[in-house]
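Descriptive structure summary
These are the residues of each chain, in order.
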Amino acid sequence: MTRTEAGFRMAFRDAARAPAAVLCLSFVGFGVLCHGNGVSLAFALYTTIFMYALPGQVTLVDQIGRDMPLWTAALAVSLTGVRLLPMTIALVPYLRGGRETRPVDYLASHFVSVTLWIESMRRVPFLPRGLRLPFYFGLTAMLVGVSTLGTVAGYLIADRLPPIVAASLIFLTPVYFFMGLSANARAAADFAPILIGFGMAPFFMWLTPSLDLVLSGLVGGTVSFLLFRRKSASRAEKA
Amino acid sequence: MHDSVWIWLSFAIMGTAASDIWRFAGVLLSRGVDPESAVILWVKDVSTALVAALIARMLLSPTGALAGVGDAVRFVAFGAGLVAFWLSGSRLAVGLLAAEAAFFAAHALIEP
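Remember, predicted model here, so these are calculated numbers, not experimental data.

**Structural notes on the confidence of the model for chain A**
Mean pLDDT over chain A: 88, with 95% of residues reaching 70 or higher. Confidence, expressed as mean pLDDT per element, reaches its minimum in chain A at helix H13 (residues 230–238) of chain A with 59 and its maximum at helix H3 (residues 41–50) of chain A with 97.

**Thoughts on the interface of chain B and chain A**
Contacts between the two partners involve 71 residues from chain B and, on the opposite side, 94 residues from chain A. In total, about 7,300 Å² of surface goes out of reach between chain B and chain A, with carbon and sulfur atoms giving 78% of it. For the pair chain B and chain A, the interface holds two salt bridges. We note a salt bridge from Asp212(A) to Arg57(B), for which the minimum N-O separation is 3.1 Å. Residue assignment for the side of chain B that touches chain A shows that the elements contributing at least two residues are helix H1 (5–29), helix H2 (38–60), helix H3 (71–87) and helix H4 (92–110) of chain B. The leading source of residues in the side of chain B that touches chain A is H2(B), at 22 residues.

**Considering helix H6 (residues 84–95) of chain A**
Each turn of an α-helix holds 3.6 residues, which means side chains three or four residues apart point in the same direction. For H6(A), spanning 12 residues, the distance from its first C-alpha to its last is 16 Å, which sits close to the expected 16 Å at 1.5 Å a residue. Taking burial as the measure, the 12 residues of H6(A) include 12 buried ones, the bulk of the element. Taken residue by residue, H6(A) has Leu84(A), Leu85(A), Pro86(A), Met87(A), Thr88(A), Ile89(A), Ala90(A), Leu91(A), Val92(A), Pro93(A), Tyr94(A) and Leu95(A) as its buried positions. Looking at the packing, one finds that the buried side of H6(A) touches helix H5 (70–81), helix H7 (103–110), helix H8 (114–121) and helix H9 (129–157) of chain A together with H1 and H2 of chain B.

**What about the nonpolar core?**
Counting 99 residues, the largest nonpolar core has Phe30(A), Leu60(A), Tyr136(A), Phe171(A) and Phe103(B) as the members making the most contacts within it. Here this core gets 14 residues from one element, more than from any other, and that element is helix H10 (residues 163–183) of chain A. Not counting chain neighbours up to four residues away, the residues in contact with Leu60(A) comprise Phe43(A), Thr47(A), Met51(A), Ala73(A), Val77(A), Phe11(B), Met14(B) and Gly15(B).

**Some details on empty space enclosed by the protein**
Residue and element names in this part refer to chain A. Inspection of every chain in the model, using the stated rule, returns one cavity of 30 Å³ or more. Size it by volume and the largest cavity reaches roughly 90 Å³. Lining the largest cavity are 13 residues, and of these Leu23, Leu54, Ser113, Val114 and Thr115 lie nearest its centre. The set of elements that each furnish at least two residues to the lining of the largest cavity consists of helix H2 (17–36), helix H4 (54–65), H8 and H10. Of the residues forming the lining of the largest cavity, the biggest block, three residues, is contributed by H2. Here the lining of the largest cavity is composed, by residue class, of eight nonpolar, four polar and one charged.

Parameters at a glance
Residues numbered from 1 in each chain as written. Chains lettered and ligands numbered in written order. Predicted model: local features only at pLDDT ≥ 70, side-chain atom pairs only at ≥ 80, totals over all residues. Heavy atoms only, no water. pLDDT = per-residue confidence, 0-100. Helix = DSSP H or I, 4+ residues; strand = E, 2+ residues; numbered from the N terminus. Contact = heavy atoms within 4.5 Å. Buried area = accessible area lost by both parts, 1.4 Å probe. Salt bridge = Lys/Arg side-chain N within 4 Å of Asp/Glu carboxyl O. Expected span 1.5 Å × (residues − 1). Buried < 20%, exposed > 50% of the residue type's maximum accessible area, 1.4 Å probe, protein only. Core = buried A, V, L, I, M, F, W, Y, C linked by side-chain atoms within 4.5 Å. 1 Å grid on protein atoms, 1.4 Å probe; cavity = no way out; pocket = protein on both sides within 12 Å on 5 of 7 lines; lining within 4 Å. Points joined across faces, edges and corners; volume = space filled by probe spheres on them. Nonpolar A, V, L, I, M, F, W, Y, C, P; charged D, E, K, R; others polar.

Written as structure tokens, this is what we have:
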């Protein structure tokens, strides 16, 4: 068995069936949203494969549905996407083979998104180097596959789906995100950024609605780092 | 609603560019960085806090069909899901099913 096969097998076997199911249902919710906002199925599918970031896709389709101009939509989507920068910086060093950046690293980064990030960060660092990228792409294939299925299904059943059921599907995403983040957490230092970021969000949503995520992330993450990690990090550097 | 093919094409290109620009910048900035270094630990905390803030925004100011459901229903169901998740020893399926059950129950009770 090649490494690629082994990585793919591992991804499909023990990777996260519950996250895949949630993601699929979340994209059903997205398909319903696209249908309601006058977006074509082709465009909906395009965003699932070539954006592959549900919050950004929802923002884009929401902007289109409100007849916003391109530049306003671009600003809104970019601001929603800023989270992908620190997420990529945290994940890619584990996937990288050597010191140089290869084209495949850029391809891998295109799929960085909350679900894939959560599921990769809890497994990839503990895998042997040779298996990391194959496992990551196996996980990607599975998650992008179920997302595509969900998008099509949601679009097609949109007319027949009661609004409360559609709402319950959209509701699954934040619930899973929170559980996925805390499932990785062991020490106080792991729980701190989750709770501080979550707690600060309403304040920044009120203060600066468009920069709320960036500010909650920067301030919340830095506070949590200074309180819980700086001491252990500097101790490790001295030792 | 937007009609011309060009408008859809520009929205499509913009959507990809506005997402991938951050990812590609992330690959560039992470060059030669040790994944266990203090900088990366800080970046990890910032990412985690950002995702947590995104969760809060999804709950507090939801989009699409979820916007039609009252705050109380969302908050009660979210809390019930988390409690079930912790009581079951971090089993995702249990937490998610509990959250959905609480969602429909709260909707039926609070918003008849």
